[in-house]
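So you can see what is in the structure, the chains are spelled out below.
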Amino acid sequence: MTIIDIDHTSRWFGNVVAVNDVTMRIGPGVTGLLGPNGAGKSTLINMMGGFLAPSTGTVTIDGTQIWRNEQVYKQIGVVPEREAMYDFLTGREFVVANAELHGLDDAAAQRALATVEMEYAQDRKISTYSKGMRQRVKMASALVHDPAVLLLDEPFNGMDPRQRMQLMDLLRRMGDAGRTVLFSSHILEEVEQLASHIEVVVAGRHAASGDFRKIRRLMTDRPHRYLVRSSDDRVLAAALIADPSTAGIEVDLKEGALRIQTVDFGRFTELLPRVARAHGIRLLTVSPSDESLESVFSYLVSA
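Draft legend 1. Broad picture of the packing of helix α2 (residues 91-101) against helix α4 (residues 131-143). Contact pair α2 / α4: the axes reach a minimum separation of 8 Å and the direction vectors enclose 25°. Classified by the interaxial angle, the pair formed by α2 and α4 is roughly parallel. For α2 against α4, the interelement crossing comes out right-handed. Contacts between α2 and α4 involve Gly91, Phe94, Val95 and Asn98 from the former and Val137, Lys138, Ala140, Ser141 and Ala142 from the latter.

Here it is, written out as structure tokens:
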């Protein structure tokens, strides 16, 4: 059982604090590192992979310091988000080069390429690969030494639906086999499909940790804001404000709409069409005004 511990760790670049006093533990199974773009996910993964030193705090694998410890690379495979690759090599040459760095032969590279279903394109130059193919050959390179820990930074970027399903199935199987798999994403649905345990980071800070379903419930139960246009905004507002699911309504004369805050998302979504139908009101626009991931994560931070 391999465990990565991040203990009161910060990392800054000049005056910019990318990671701020984060403590978390990543154990066997599949863990999703969730957060909006710029939250500090890549910086955390780079510290876990030994590519960046913490400014303060520690990052360890089974109690051993990762930074400047080349022995840990026998246990860790990393799939970075960056596209920097040796485009003049073929896919097979790229993976073989990484196998040789680990003292392994061509057979290990061939097994890794087969694992990610890239044998069909292994003799093509990487410069001819699509983004999804590049992601898969990076994955093969990370798996060539059969690591106990796999760290993936936005691994599904550029993949088509079939490639995504294949990679998700592979990561599930690795997690079920007892490996420690961590992948980052800013897309809620990707994490929901793959990880039962998640770590949430916002603006460099650790915002939430634990079972995905419990945290997802927090996101669903948070206050929601809607912009609603109808054939009779004033009558609709008067009818809605009487219900306990509605926390507040503002008539926006400039937009010609209602700005509604609701504290019970499920009840409100049933209430709105029912009230409109009862009063003969046509709903012209119903759109959430705070559904960005940033707003969701900001709520988690303050919850």
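Now, onward.
Draft legend 2. Fine view of the sheet that holds strand β7 (residues 149-153). The strand order β6-β7-β8-β3-β9-β10 describes an open sheet built from 6 strands, whose pairing is mixed. Both edges of this open sheet fall to β6 (76-79) and β10 (205-211), since each of them pairs with a single strand only. For this sheet, the mean inter-axis angle between neighbouring strands, taken without regard to orientation, is 15°. Here β6 pairs with β7 via 4 bridges, running parallel. Across the sheet, residue valine 78 finds its bridge partner in β7, namely leucine 151.

Draft legend 3. Structural view of helix α3 (residues 106-115). Along α3, the residues classified as buried are Ala108, Ala109, Ala112 and Leu113. Looking down the long axis of α3, one finds its buried residues gathered within 135° of arc, a one-sided arrangement. The elements touched by buried residues of α3 are α2 and α4. The N-terminus of α3 is capped by aspartate 105, whose side-chain oxygen sits 3.1 Å from the backbone nitrogen of alanine 107.

Draft legend 4. Focus on the sheet that holds strand β2 (residues 16-26). Here we have 4 strands laid out as an open sheet, ordered β2-β1-β4-β5, and antiparallel in their pairing. Of all the strands in the sheet, the pair left with one neighbour each is β2 and β5 (64-65). Two elements, strand β1 (residues 4-13) and β2, share 7 bridges in a ladder whose sense is antiparallel. Counterpart to arginine 11 in the pairing with β2 is valine 19.

Draft legend 5. View of α4. Helix length check: α4, at 13 residues, gives a terminal C-alpha distance of 19 Å against a target of 18 Å (1.5 Å per residue), a fit within 8%. Burial analysis of α4 places 12 of its 13 residues in the buried class, the great majority of the element. Gly132, Met133, Arg134, Gln135, Arg136, Val137, Lys138, Met139, Ala140, Ser141, Ala142 and Leu143 are the residues of α4 that are buried. Among the structural elements, β6, α2, α3, β7 and α5 (161-176) are those in contact with the buried residues of α4.

Draft legend 6. Representation of unusual backbone geometry in the model. In this structure, arginine 68 is a non-glycine residue whose phi angle is positive, near 55°. Mapping arginine 68 onto the fold places it in the loop between β5 and β6. Since its relative accessible area comes to 74%, arginine 68 is described here as exposed.

Draft legend 7. Spatial organisation of the environment of isoleucine 61. Structurally, the position occupied by isoleucine 61 is in strand β4 (residues 56-61). Taking relative accessible area as the criterion, isoleucine 61 reaches 1% and is therefore assigned buried. Between the alpha carbons of isoleucine 61 and arginine 25 there is a distance of 9.9 Å; along the sequence they are 36 residues apart. For isoleucine 61, the contacting residues outside a window of four places in its chain are Thr2, Ile3, Ile4, Ile66, Val72, Gln75, Ile76 and Val149.

What counts, and at which threshold
- In every chain, residue numbers begin from 1 and rise along the written sequence.
- Totals for whole chains, interfaces and linings use all residues, but because this is a predicted model, local features are given only for residues with pLDDT of at least 70 and pairs of side-chain atoms are given and counted only at 80 or more.
- Computation of side-chain values covers all heavy atoms of the structure but excludes hydrogens and water.
- Axis definition: a line fitted to C-alpha atoms, limited for helices to the stretch in contact. Angles are taken between N-to-C directions and run from 0 to 180 degrees.
- Secondary structure is summarised from DSSP: a helix means a run of H or I of at least four residues, a strand means a run of E of at least two, and numbering begins at the N terminus for each.
- What sets the label is the angle itself: under 35 degrees gives roughly parallel, over 145 gives roughly antiparallel, 65 to 115 gives roughly perpendicular, and the rest give oblique.
- Working rule for handedness: look at the near helix, and if it is turned counterclockwise from the far one by less than a right angle, call the crossing left-handed; if clockwise, right-handed.
- Note on contacts: a residue pair is in contact if any heavy atoms of the two residues lie within 4.5 Å.
- By definition, two strands form a pair when at least two bridges between them are found by DSSP.
- Using a 1.4 Å probe on the protein chains alone, a residue whose accessible area is under 20% of its type maximum counts as buried, one over 50% counts as exposed, and one in between counts as partly exposed.
- Read the arc as the range of directions from the helix axis to the C-beta atoms.
- Counting of polar contacts relies on pairs of N or O atoms within 3.5 Å, with two restrictions inside protein: one atom must be capable of donating a hydrogen and the other of accepting it, and residues adjacent in sequence are counted only when both atoms are side-chain atoms.
- An expected span of 1.5 Å times one less than the residue number is assigned to each helix.

Fair warning: the whole summary comes from geometry, so function is off the table for now.
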